[in-house]
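Structural overview
Now for the letters of each chain:
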Amino acid sequence: MTMLLLRRAAQAAVRTNQSRSFSASQTHLNHRKGLVLGVFEKEGEEGSLHLTEAAAGFDQSLSGKLSELLKISGPALKKGKSRVFYGIHKDFPCVAVVGLGKSSAGVCGTENWDVSKESIRQAVSAGCRLLQDLEVNHVQVDACGDAQSAAEGATLGLFQYDQLKSKKKTKLIYNVADSAGWEKGLMYAEGQNLARLLMEAPANHITPTAFANTIEEKLAAHAERVTINKRSQAWIEEQQMGAFLSVSKGSEEPPVFLELHYNGSPDSTQAPLLLVGKGITFDSGGISLKPSPSMDAMRADMGGAATVCASIVTAVALKLPINIIGLAPLCENMPSGKATKPGDVVTAKNGKTIQVDNTDAEGRLILADALCYGHTFNPRAIVNVATLTGAMDVALGSAATGVFTNSDWLYEQLHKASVVTGDRVWRMPLFQHYTRQVTDSQLADLNNIGKYSRSGGACTAAAFLREFVTAPHWAHLDIAGVMSNKDEVPYLRKGMSGRPTRTLVEFAAGLAHNG
């Protein structure tokens, strides 16, 4: 692509509002412009680089100046590394060149992801952040051969929760090629950023009611295809959701059972995909109180509900031809004179009694009632998502979401989606060995913790949930390990991750297009 075409693409993007703002302010028209370009490592030639199509066009417009500067400015750019050049083009005072690794890299069976896509996300993110640090306001991004991945890297990499800060950063990004792939990548990434926004926000700002209202606002423009029901405590009581109510009753904040129906399929009789998300908007542990260090992070214990709702918002934006129902039981888990006490017995919607020996194992209680209710829609598949157990973090860390499922087909669909998005899943055991540990209860049908306490905690939690599932295709995603990001995922800043929203969207898209 020649530089002329690059400039025209940027101008067209401005005219058609294809830009995305990463702040609330766009008051200045004469913003500084920057450019992010990619370079590959040349196969079999140590230290040699191969420019992308856009980078080669830019280099040609400068009579080879970019190539020359890359050679003399230091060692060849390795994957994920970047370098900034100043004043080499009058339209772009700052040009960031980023290393993409080998151009032939594809799906790696060992890593369980597409190396090329991940490399592009990481590199574009690094380049955009470099320019953001230089207070460049307009950035034009090289598609690097995969516009969707480039858009995801830019959009995810620049997200920062600054809603409650006085000083905010400004960033505008324009596409340079393949607008369809770019727009799709923007939607995927903005979906994940919505989940990050909800998870990062303080618990006094995102109460159960505020959460439901936020999702309602996001879907307000799609009333013809989306039905939203914000169920009250009275409705929850009518449904006899005793497990859910046993968690919510310790808090002054009223619970909300959020129900979303997206009718995207041309076939109105198509069985829906059911997504269920744990929505504990703050988890103190209840009477089984958590230690105070890091308790503030439990504002994100509604990560399951956040990722489920964000993925539905994204599916609606993409106009996926599929019917989806989303359920999010929303409440706080707080200690008070009304709170459930260790040893109490409660009755779930399906009539099973549960001995609550640990009030901090509350997520499985609210999910139990939501799963029972979800079966009434005769879904084609059920996927529930929850920051359920610390044991999941111990087992897999932040590398992958743990998946417990009774369906090989369903796991294959989820795994295939995760390879594309780079937000991986990994299958965990759902043995009867674990079921026996939650059904051996002194006072009730079930105990909300395993009889051997911490041993296999993620597995016993999954076994507990299975007691409320009769559908042949069900998967439980434990996202406790991927809830937050320190520096493990290079294109996500430190903070709540919004994972695995993009994998859920890609999974739904796969079902929509392949049946």
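The chain goes by Cytosol aminopeptidase in an unreviewed UniProt entry, where it is assigned to Dicentrarchus labrax. Its UniProt record gives the chain a comment under Subcellular location (unreviewed entry), which states: "Cytoplasm". According to the UniProt record, the Subunit (unreviewed entry) comment for the chain reads "Homohexamer."

**Section: the nonpolar core**
Nonpolar side chains in soluble globular proteins tend to end up buried together. Judged by nonpolar contacts, the single largest core of 62 residues is most densely connected at F211, L258, Y262, V383 and L477. With near-sequence residues (within four places) excluded, Y262 lies in contact with R225, V226, I312, A315, V316, K319, L320, I322, N323 and I324. If you look at the next biggest cluster of nonpolar residues, it comprises 48 residues, including I236, L245, M428 and Y434.

**Structural notes on the sheet that holds strand β20 (residues 446-447)**
Spatially, β15-β16-β20 is the arrangement adopted by the 3 strands of the open sheet, whose pairing is mixed. The open sheet has two edge strands with one neighbour each: β15 (344-347) and β20. Note that strand β16 (residues 353-356) and β20 share 2 bridges and pair parallel. The partner of I354 across the bridge, within β20, is L446.

**Examining the packing of helix α5 (residues 147-158) against helix α6 (residues 179-200)**
Where α5 meets α6, the closest approach of the two axes is 7 Å, and the angle between their N-to-C directions is 30 degrees. As α5 runs across α6, the sense of the crossing is right-handed. Contacts from A147, Q148, A150, A151, E152, T155 and L156 in α5 reach G181, W182, K184, G185, L186, Y188, A189, E190, Q192, N193 and R196 in α6. Partitioned by chemical class, the residues of the contact of α5 with α6 number 8 nonpolar, 6 polar and 4 charged.

**Here's the deal with α5**
The end-to-end C-alpha distance of α5 is 17 Å, a good match for the 16 Å that 12 residues give at a rise of 1.5 Å each. Extensive coverage of α5 is indicated by the burial of 12 of its 12 residues. Turning to α5, its buried residues are A147, Q148, S149, A150, A151, E152, G153, A154, T155, L156, G157 and L158.

**Some details on the confidence of the model for the chain**
Mean pLDDT over the chain: 91, with 91% of residues reaching 70 or higher. Segment residues 1-30 is flagged for pLDDT under 50; beyond a separation of four residues in sequence, or across chains, it makes 53 contacts in the model.

**What to know about empty space enclosed by the protein**
To locate leftover empty space, one rolls a probe as large as a water molecule over the atoms. On inspection of all chains with the given rule, the structure shows 1 cavity of 30 Å³ or more. By volume, the largest cavity amounts to about 80 Å³. In terms of lining, the largest cavity is formed by S246, V247, G286, I287, N333, M334, A339, T340, V356, T359, E362 and L365. The residue makeup of the lining of the largest cavity, split by class, is 6 nonpolar, 5 polar and 1 charged.

**Looking at the layout of surface pockets**
Volume-wise, the largest pocket comes out at about 1200 Å³. Of all the elements in the fold, those that place two or more residues in the lining of the largest pocket are α11 (363-374), α12 (390-396), α15 (457-466), β22 (484-485) and β23 (495-496). For the lining of the largest pocket, the residue count by class is 13 nonpolar, 16 polar and 15 charged.

Rules behind the numbers
Residues numbered from 1 in each chain as written. Predicted model: local features only at pLDDT ≥ 70, side-chain atom pairs only at ≥ 80, totals over all residues. Heavy atoms only, no water. UniProt positions renumbered as here; feature names shortened; annotations may be inferred. Core = buried A, V, L, I, M, F, W, Y, C linked by side-chain atoms within 4.5 Å. Buried < 20%, exposed > 50% of the residue type's maximum accessible area, 1.4 Å probe, protein only. Contact = heavy atoms within 4.5 Å. Pairing = 2+ DSSP bridges. Helix = DSSP H or I, 4+ residues; strand = E, 2+ residues; numbered from the N terminus. Axes fitted to C-alpha atoms, helices over the stretch in contact; angles between N-to-C directions. Left-handed = near helix turned anticlockwise from the far one by under 90°. Nonpolar A, V, L, I, M, F, W, Y, C, P; charged D, E, K, R; others polar. Expected span 1.5 Å × (residues − 1). pLDDT = per-residue confidence, 0-100. 1 Å grid on protein atoms, 1.4 Å probe; cavity = no way out; pocket = protein on both sides within 12 Å on 5 of 7 lines; lining within 4 Å. Points joined across faces, edges and corners; volume = space filled by probe spheres on them.

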